[in-house]
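Observations on chain architecture
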Protein chains: 2
Amino acid sequence: MNNFSHYCPTRLVFGEGTIAHLERLVPESKRVLLTYGQGSIKRNGVYQQVMEALTRCEVFTFGGIEPNPQYATLLEAVAACREHRVELLLAVGGGSVLDGTKFVAAAHYFEGDDPWAILEGARVSRALPIGTVLTLPATGSESNPNAVISRDEIREKSHFGSELVIPEFAILDPSTTFSLDARQTANGIVDAFVHVLEQYVTYDVNTPLQDRQAEAILSTLVEEGPKALAHPHDYDARANVMWCATQALNGLLACGTVGDWATHMIGHELTALWGLDHARSLAVVLPGVWRHERARKRDKLMKMGARVWGIVDGDAETRVEATIERTVQFMHDLGVSTSPADYGIPPEGFVEVASRLAARGMRLGERGHLGRDEVVAILKLCA
Amino acid sequence: MNNFSHYCPTRLVFGEGTIAHLERLVPESKRVLLTYGQGSIKRNGVYQQVMEALTRCEVFTFGGIEPNPQYATLLEAVAACREHRVELLLAVGGGSVLDGTKFVAAAHYFEGDDPWAILEGARVSRALPIGTVLTLPATGSESNPNAVISRDEIREKSHFGSELVIPEFAILDPSTTFSLDARQTANGIVDAFVHVLEQYVTYDVNTPLQDRQAEAILSTLVEEGPKALAHPHDYDARANVMWCATQALNGLLACGTVGDWATHMIGHELTALWGLDHARSLAVVLPGVWRHERARKRDKLMKMGARVWGIVDGDAETRVEATIERTVQFMHDLGVSTSPADYGIPPEGFVEVASRLAARGMRLGERGHLGRDEVVAILKLCA
């Protein structure tokens, strides 16, 4: 096992009816900026529940945060924080609203000219406190330090992370997810599934507990994901998917293990260039990464194959191949295509993706061994 | 899944050489009381490592905290805190040192006459901050709010819990556990194993992820525990056992599930009356609880049997029986007897145990359905 630090201080409040707990989670008289997205929370009753729980606070609102939250929009939210002397940010929505709100929290105290520097590695030394009411299980952003921000005018999608933007509390009421459509639901399942895989299907450093914790999430998503899709009002299925998504990226699976975030890094470029939903970019890239890296990842692919898919027959190559194909089939079964062509990505675009990553000096993969040529080769293996 | 809250804010720093991280974890010039037990930390080099990392702080020491930490001793530590105007408690040792230190942290600000009231339910409204260097993986106390304190003069062993005594940080260096003897090592494995079982082998409320997370710890302890016993200097085995013990009682397995802490509650009485090691009291009581409750726990016993022990043949009763016996065998294989007689507990003592619990109005079991008569029946089923 590798050495590690783990810090996950978010207070999680989980279950039906828990939005009402905001009343005790948010101190009286706080000046709160409620951030949200495209307005679904006004249609499904979440907005009303939040406002009813916060009658003792001074609540301002900022809506319109996009899927793949846009830098320009977030700068307006920063201005709103200053105008209203906001003391707490309350992100109500999915991962995009929450990621955007994390950026706002950090940018609020940024002292340079252009807070985009935060996305380029400038240190975050202070941030507004954040709470969240999560309505879309997928990214795990509700209890981790990470955020991904987009800036369409320069076609960039970049990440930053800081302990200072880990939400202080997160309310997860599975019944708020009843109204998610099939596309959003499937995207969330795929996103969480791939988060686990990127922390598990690497090379072995003797972490039997972490491996089993990863398999626990994968197997549960395999069982419960299709139920949530088929029966959107199945509370237990929604609850199990929601809890899986939180556990998939709260830092626990990274403890002592080796990660390989190549799928995410390449996927971000596909989203920046062709507008794919985040989860769908992962579905496209993961099979290519695995096919390219099948020798390095063989032991873990076989372990996953046996424990998650029950693939135990045949020689190693046969089992690795079957594991990759079964995983692709799982995404297809959820209604998520893994083909670049289906998203309008032309083969001649592969070089551009690889060049953009190379231009930032990125070396991807579990040993940092994937450069420009390897990324092109990976994308050619995506089908 | 049941509604739940989960809060586990401890910063965990895990791995060989991490005691040196104390230098950045403890702010400069802090007045620290280092609490410890019977002195093993002076023999195995841990004390020296701690002191070398804290040269910029003012460090006072308080040794002699017993296994099953004694109230009278802890009151002396409270006095030391006041005398030295201590700002941070640093518990260096195992669960007993840490539990005792949690009590000291809370008692420091207690305003009544006798801080034993904290063990009788008095609210903790303030506590000294706590950090820990854990040297014995077992209790999970390093990242939870719980503590168990003994008071031999009145033959009591009682529990309290408060978020205010959750350690702010915990350093877990598996190499500090190389010097544990077989008895301590086995006790730790059994303690962690039973912690998982008491949160898992109850009744089903549709928590497939939590169930698998429980099985992940159990299976890993079954694999790694014997390795740590056979090869005390096997770093990976020690690391895996240590990480299992932390994960077994950090609140995660309790999320949304039903607990049954009857084994712990009855076990505490055995320790208070006959001085059993905590883990051994659990090993004695668990089989009796399971035999008495086999009908209520049937589904989970069968699930555990299949997934942890590979018991899949025969009818339900056969599989339940085999699961109980296989679990008992695991404890025996670790060198831990499950027989009351082996610990000098006479059959006529069973009524006293049950009467003590009844006198406190305790109703035990997953549905609070176990009273005095049932506790006697359980103890008669312990063999």
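Residues numbered from 1 in each chain as written. Chains lettered and ligands numbered in written order. Predicted model: local features only at pLDDT ≥ 70, side-chain atom pairs only at ≥ 80, totals over all residues.

1. Let's talk about the overall build of chain A
What counts, and what does not: A helix here means a DSSP run of H or I that spans at least four residues, while a strand means a run of E at least two residues long, and both kinds are numbered starting from the N terminus. For a compact globule the rule gives 2.2 Å times the number of residues to the power 0.38, and the radius of gyration it is set against comes from C-alpha atoms. Field definition: a residue is buried when 20 or more other C-beta atoms are found within 10 Å of its C-beta, exposed when 12 or fewer are, and partly exposed for counts in between, with C-beta atoms placed from the backbone. Note that contacts rest on C-beta atoms placed from the backbone: two residues are in contact if these are within 7 Å.
Looking only at helices and strands, chain A features 14 helices and nine strands. Computed over its C-alpha atoms, the radius of gyration of chain A comes to 20 Å, within 12% of the 21 Å expected for a compact globule of 383 residues. C-alpha extents for chain A along the principal axes are approximately 65 × 45 × 40 Å. Taken across its 383 residues, chain A has 54% of its residues classed as buried. Taking the contacts inside chain A whose residues are at least 6 apart along the sequence as the reference set, 77% of them involve residues at least 24 apart.

2. Description of the environment of A228 of chain A
Residues and elements named next belong to chain A. Of note, A228 is situated in helix α7 (residues 208–230). Using a count of 29 C-beta atoms within 10 Å as the deciding quantity, one classes A228 as buried. Separated by 105 residues in the primary sequence, A228 and R123 place their C-alpha atoms 40 Å from one another. Ignoring anything within four residues of it in the chain, the contact list for A228 reads T185, D234, A237, R238 and V241.

3. What about the environment of A214 of chain A?
By secondary structure assignment, the location of A214 of chain A is in helix α7. When the C-alpha positions of A214 of chain A and G121 of chain A are compared, they lie 30 Å apart, and in sequence the two are 93 residues distant.

4. Concerning the sheet that holds strand β4 (residues 58–62) of chain A
Operational definition: Strands qualify as paired when DSSP identifies two bridges or more between them. What counts as an axis is a line fitted to C-alpha atoms, over the stretch in contact for a helix, and the angles between N-to-C directions run from 0 to 180 degrees.
Spatial strand order, β4(A)-β3(A)-β5(A)-β6(A)-β9(A)-β2(A)-β1(B): seven strands in an open sheet with mixed pairing. At either end of the open sheet lies a strand with only one pairing partner, and these are β4 of chain A together with β1 (4–6) of chain B. Strand-to-strand twist of the sheet, defined as the mean angle between neighbouring strand axes without regard to direction, takes the value 15°. Examined bridge by bridge, strand β3 (residues 31–35) of chain A and β4 of chain A share five bridges and lie parallel to one another. Note on β4 of chain A: the bridge partner recorded for L34 of chain A is T61 of chain A.

5. Some points on the domain arrangement of chain A
All names here are of chain A. Stated formally: Throughout the structure description, domain borders are defined by an automatic or database domain assignment. Under the convention adopted here, Pro, Cys and the residues Ala, Val, Leu, Ile, Met, Phe, Trp and Tyr are nonpolar, Asp, Glu, Lys and Arg are charged, and Gly plus all remaining residues are polar.
Here the domain parsing of chain A yields domain 1 (11–176) and domain 2 (183–380). Domain 1 and domain 2 are separated by 26 Å when their C-alpha centres are compared. Of the residues lining the interface, 19 residues belong to domain 1; the matching set on domain 2 comes to 22 residues. Residue composition of the side of domain 1 that touches domain 2, by class: seven nonpolar, seven polar and five charged.

6. A closer look at helix α5 (residues 95–107) of chain A
For the record, the criterion: What a helix should span is 1.5 Å times the count of its residues minus one.
Taking 1.5 Å of rise per residue, 13 residues should cover 18 Å, and α5 of chain A covers 18 Å from first to last C-alpha, within 8% of that figure. Of all the 13 residues making up α5 of chain A, 13 are buried; the element is thus mostly covered by neighbouring parts of the structure.

7. Some remarks on the nonpolar core
Rules: For the purposes of this analysis, a nonpolar core is taken to be any set of buried Ala, Val, Leu, Ile, Met, Phe, Trp, Tyr and Cys residues that are connected through C-beta atoms within 7 Å.
With 240 residues, the main nonpolar core has V190 of chain A together with V190 of chain B as its most contacted residues. Each residue touching V190 of chain A, except ones within four places of it in the same chain, is listed here: A279, L282, A283, M331, L334 and V336 of chain A.

8. Here we look at the interface of chain B and chain A
At the junction of the two partners, chain B supplies 34 residues and chain A supplies 34 residues. Secondary-structure elements contributing two or more residues to the side of chain B that touches chain A are β1, β2 (11–14), α7 (208–230) and α8 (235–248) of chain B. In terms of residue count, α7 of chain B provides more of the side of chain B that touches chain A than any other element does, ten residues in total. The residue makeup of the side of chain B that touches chain A, split by class, is 16 nonpolar, twelve polar and six charged. Here strand β2 (residues 11–14) of chain A runs beside β1 of chain B; their pairing, made up of three bridges, is antiparallel. Of the residues in β1 of chain B, the one forming a bridge with F14 of chain A is F4 of chain B.

9. Looking at the relation of the copies chain B and chain A
As a reminder of what qualifies: Superposition of the copies was done by least squares, using only C-alpha atoms of residues whose pLDDT is at least 70 in both.
Superposing chain B onto chain A requires a rotation of 180° together with a translation of 0.0 Å along the rotation axis, leaving an RMSD of 0.0 Å. Between the two chains, the operation in question is that of a two-fold axis. Scanning chain B for the C-alpha nearest the rotation axis identifies P9 of chain B, at a separation of 1.9 Å. Of the residues that chain B buries at the interface, 100% are likewise interface residues in chain A, meaning the two copies contact each other through the same surface.

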